[in-house]
Amino acid sequence: MKANTATDKATDSVPTLKTGAQCVIDGLVKAGCEVLFGYPGGAVLDIFNALYDAPFQFVLARHEQGAVHMADGYARATGKPGCCLVTSGPGATNTVTGLATACMDGIPLVCVCGQVALNMIGNDAFQEADVIGITRPVTKHNFLVRDVDELPDIIARAFYIATTGKPGPVVIDLPKNIQKQKTASVPPETVTMRAYHPDVPVNPPEIAQFAELINHASRPLLYVGGGVIAGNASDELAALAHTANIPVCTTLMGLGAFPEDDPLALRMVGMHGSVAANYAVDHCDLLISAGARFDDRVTGKVSAFASKAKIVHIDIDRSSIGKSVRTDLGVQGYLVPVLQAVLPFVKPAEHTEWLEQVNRWKERFPFVYPAPEGVLMPQFVIEQIYAVSKGRAVITTDVGQNQMWATQFYRYTRPRTFISSGGLGTMGFGLPASIGVQFGRKGEPVVCITGDGGVQMNFQELVVAVEHRLPIVVVILNNGYLGMVRQWQELFYSKRYSGVMLSQHGRLPNEHVEDAPAYLPDFVKMAEAHGARTCRVTNPGEVAAALSEAFAHPATWVIECIVSPEANVYPMIPPGQHVAEMINRTV
Amino acid sequence: MKHIINCLVENQPGVLARIVGLISGRGYNIETLNVGPTEDPTVSKMTIVVPGDAHVIAQVTHQLSKQVDVIEVVDMTNRRHLDRELLLVRVATQNHHARAEIVDLAALFMARVVAVQEESVTIQMVGNQETVADFLRLLRPYTIIDISRTGVIAVGREAVERPAKR
C-alpha cells in the first residue's frame, strides 16, 4: 500500500511537496540546529542527499557513539538541543551508550536514525535493528515514523519533548522509503500534546510551606544538582542562598551552578565530595534539594542521610521526589518560577553559628593530597590546569579518578563549565564531548581531563578535533591502571588487582602476555598520527610550561602526564555507608 | 498489597511495550494486564495489577504519568471502584456425580456452564479477584483441564477528584 502511495506522490508535480528527507533538514533548521553530528549509511542516504544543501554545519564523527557524545557536549555547553543523524542497524545501536548517558543526565538531544523501509521492518533485513525497542529504556521518548505526512509534526514534537520538563534524548526512527516520499504537511506553529504537559504551575500553598521551613531553620543547607543548570536557575539560587545565608553544596552534575569561590560554597557532596559538604548534610536541620535526585553516590546509606533534617525536594520530575529518600515537602516545578515565588517570603537571616561551624570544617578539611618530592601527582596536574587557565576553561572529563580529581582540584564558578557523564558514568565521554563543547562555544578554552583507560574508548574522535582545528587540550592522566577500579580493589578487595593493569607490569599469570611490550599505546605517537600537537610530561616542574604552551598556541593538544600510579581519590565514603565511615588518608 | 492501576494511553503502536518495559525494567512485577478500547478510538485503557508497597506503587504511577503517551493514571485501590475478572475454566467430569457437583458449585458463584462435553464442562465466571480465587479453590478437588483469565478490569464508582496526571 505504502509503495503505491509513494509512486503516486513521486509523480505528483505540485512544487510545494517536500520529501521526507527534506522535512528532516527543514525541521532541524526550524529547531535552530547550528551543527549536526553524525555518520552516514545506506538507510540515511536520502537525508544526506538533502543535507548537501543544508544551511547548517555537518560534523562527521568517526563512530556513532562519538557523534552522540558530541551532540551531548554541545547541549550541555549551550543549553540548546544537540542533534545527530545516524544510519540504521549498527549505526543506531552504536548510539545506545550515548543516548543512555544523555538520558540519565537529562540532556536534550534529538537523534534521527535511518531505518529499513517500512515493508521490510521485522524481516531481518540488512542493517535492520529494532531501534524503537532497543532505545526505549534509554530515551525520554522515541518515534517510529509510519507516514510521511506525520513527519514534520513528529520532528517538532521531538524537539519539544527533548527540551521541556526534565530534558532528555528523543529518537526518531525514520524508514528509508518515507525519506523518499513527498508530503504537503508543514510543521505546526506550536506543539500541543494531549498527554504531555511539562508546565507545572507554581502551587502557592507549597511555596508558603517552603518559605516557612526556610524561615524556621537554624541550620539550612542547599543541595544543588544539574537541574539548576538545565533550568538556568543559578541567579535565583544565588539570591536564595545570599538572602538567608544558606550554605550550598552541589552534586557532580550541579558543579558550576553556584560559584565555588563564594564564601557560602561547600563544593561537591557525596562519595568523593568535600568533608564540609558531607558534614553539613549530616548536621543540617533543613536540606533544600534543588534539581538534584539523591543519587546513591550522594546519599550513601539512605537511612542515615541528612538524618537530622527536614527535606524539601524541588524537581520538575515528579517521579524523582521521594524516590530515594523520605521527603517532608515535595515541590514540583521549574526551578526559576519556584525560587522566584519563594524569595519574597524568605526572611533575611544570618545563621552565624551554623556558618561558623561550616567554615571551620572548610578550613580544617580542604582537598589535599600527598605530594612526595619529584613525583608527578594527578591532583597537581589539575591544580596546574586551574592555575594556567585562570579558571576560565570549560572542563570535560571521563569517568573515574580523573573525573573526581577534576571536581576536587579545579573550581567551577559558572554553569555549563563542567561537562561530565554523571549518572551513567560513561568512559570515553570526555573527548567527543569536548568537541561538541567547542562547536557550541567557539574559541573558549576547553580542557578534556581524561585517563589512559577512558581516552582509548573514543580516541578515534581526536581527528575530528584536529581537522576542525578545535582548541582542545586533552590531558591524559596516565597511571597505567584503570585507576578507580584499582582503588576499589585496593580498599575493598585486599589489593587483589584483577583486570585493571593497562601495562604488563605486575600482571597475574592469567593476564600476562609473554614477550608483549610493557606498555601500549604510545599516546604521543598516537596523537601525532592523528595530527594533534602533543607532549609528554613526567615531572611536576614541566606541567605549567606544557599547559602554557598549549594555551598560547590554540590547537588540538594531547598532553600525556605520566602520574603516580597508585594515587587515590580521597576523601571517600565507601558505597552505601554513612559520612562517619569516611576514609580520608590525606589528613 | 496488590494495586489496580488504570491508565489511559494514546492508542498508538508501541505504547503497550513502553508501559510493560517501564514497569518490568524497574524490577516491578505485573500480575495482570488488560488493554481495551475506550469510547474515544484514539485512547486505550490499560488496567494493570501490580503487587507492591505504597512506595513501589507511587513510583510506578509517577513513572507512568511521566510517559509522553500516557494521558491519565489512577490508582483505583484507594478509591471506590468496581473490579471484575472473567474466568473460563474447563473441568473434567469423570462421572455424572462430579458433573452435578461442579454445576451446583458454579451456581453458588453465579457462574454459568457455557459448554458441556462428554468428560468435561466449561464454566464462565465473572467476579472480583477474591471471588474468582474462592471459586478456583473450591474447584481444586476436581481436575482442571484448562483455564483462561482476562485479568482484572476496574471502573471508578465516582468522579476522580485529582488524577495523578491531567
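Rules used throughout
- Residues numbered from 1 in each chain as written.
- Chains lettered and ligands numbered in written order.
- Predicted model: local features only at pLDDT ≥ 70, side-chain atom pairs only at ≥ 80, totals over all residues.
- Helix = DSSP H or I, 4+ residues; strand = E, 2+ residues; numbered from the N terminus.
- Buried ≥ 20, exposed ≤ 12 C-beta atoms within 10 Å, placed from the backbone.
- Contact = placed C-beta atoms within 7 Å.
- Expected span 1.5 Å × (residues − 1).
- Pairing = 2+ DSSP bridges.
- Axes fitted to C-alpha atoms, helices over the stretch in contact; angles between N-to-C directions.
- Core = buried A, V, L, I, M, F, W, Y, C linked by C-beta atoms within 7 Å.
- Domains from an automatic or database assignment.
- Nonpolar A, V, L, I, M, F, W, Y, C, P; charged D, E, K, R; others polar.
- Right-handed = clockwise from strand over helix to strand, strands pointing away.

## A few points about the overall build of chain B
Tallying secondary structure elements over chain B gives 4 helices and 9 strands in all. Starting at the N terminus, the α and β elements of chain B follow one another as β-α-β-β-α-β-β-α-β-β-α-β-β. Counting only residues that meet the buried cut, chain B has 31% of its 166 residues in that class. Within chain B, contacts between residues separated by at least 24 positions form 72% of all contacts whose residues are at least 6 apart in sequence.

## Things to note about helix 8 (residues 151–163) of chain A
Residue and element names in this part refer to chain A. With 13 residues, helix 8 should cover 18 Å at 1.5 Å per step; its first-to-last C-alpha distance of 19 Å lies within 8% of that length. Counted residue by residue, helix 8 has 10 buried out of 13 residues, so it is predominantly covered. In the core, the buried residues of helix 8 are packed alongside helix 2 (20–30), strand 5 (109–115), strand 6 (141–144), strand 7 (169–175), helix 9 (176–180) and strand 8 (182–183). The first or second residue beyond helix 8 is G165, which carries a positive phi of 60°.

## Remarks on the sheet that holds strand 6 of chain A
Whenever strands of a sheet pair, they do so through backbone hydrogen bonds, lying parallel or antiparallel. Residue and element names in this part refer to chain A. Spatial strand order, 3-2-4-5-7-6: 6 strands in an open sheet with parallel pairing. The sheet terminates laterally at strand 3 (57–60) and strand 6, the two strands that pair on one side only. With strand direction ignored, the average angle separating the axes of adjacent strands in the sheet is 20°. Relative to strand 7, strand 6 runs parallel, the two sharing 4 bridges. Considered in strand 7, the bridge of L144 is made with D173. Of the strands in this sheet, strand 2 (35–38), strand 3, strand 4 (82–86) and strand 5 are in contact with helix 4 (residues 64–78), which crosses strand 4 at around 165°.

## Here's the deal with the nonpolar core
Residues C84(A), V281(A) and V475(A) are the most contacted members of the largest nonpolar core, which totals 186 residues. Leave out the neighbours within four places in its chain, and V281(A) touches L221(A), Y223(A), C249(A), V269(A), L287(A), F305(A) and A306(A). Counting 23 residues, the second-largest nonpolar core is a separate cluster that includes V15(B), V49(B), V152(B) and I153(B).

## Description of the domain arrangement of chain B
Frequently, the measure chosen for interface size is the accessible area removed from exposure when the parts meet. All names here are of chain B. When the domains of chain B are assigned, the result is domain 1 (2–79) and domain 2 (82–153). Of note, the centres of domain 1 and domain 2, computed from C-alpha atoms alone, are 29 Å apart. Opposite the 6 residues of domain 1 that make contact, domain 2 presents 5 residues. Of all the elements in the fold, those that place two or more residues in the side of domain 1 that touches domain 2 are strand 2 (32–37) and strand 3 (43–51). Taken together, the residues of the side of domain 1 that touches domain 2 sort by class into 3 nonpolar, 3 polar and no charged.

## With respect to the interface of chain A and chain B
Counting residues at the interface gives 16 residues for chain A, matched by 17 residues for chain B. Counting only elements with at least two residues in the side of chain A that touches chain B, the list comes to helix 7 (131–135) and strand 6 of chain A. Tallied by class, the residues present in the side of chain A that touches chain B amount to 6 nonpolar, 5 polar and 5 charged.

## Quick notes on the pairing of strand 3 of chain A
All names here are of chain A. Pairing between strand 2 and strand 3: 4 bridges, direction parallel. Residue G38 lies in a different strand from strand 3, and its bridge partner there is L60. Where the polypeptide runs from strand 2 across helix 3 (residues 45–51) and back to strand 3, its parallel neighbour, the crossover connection is right-handed.

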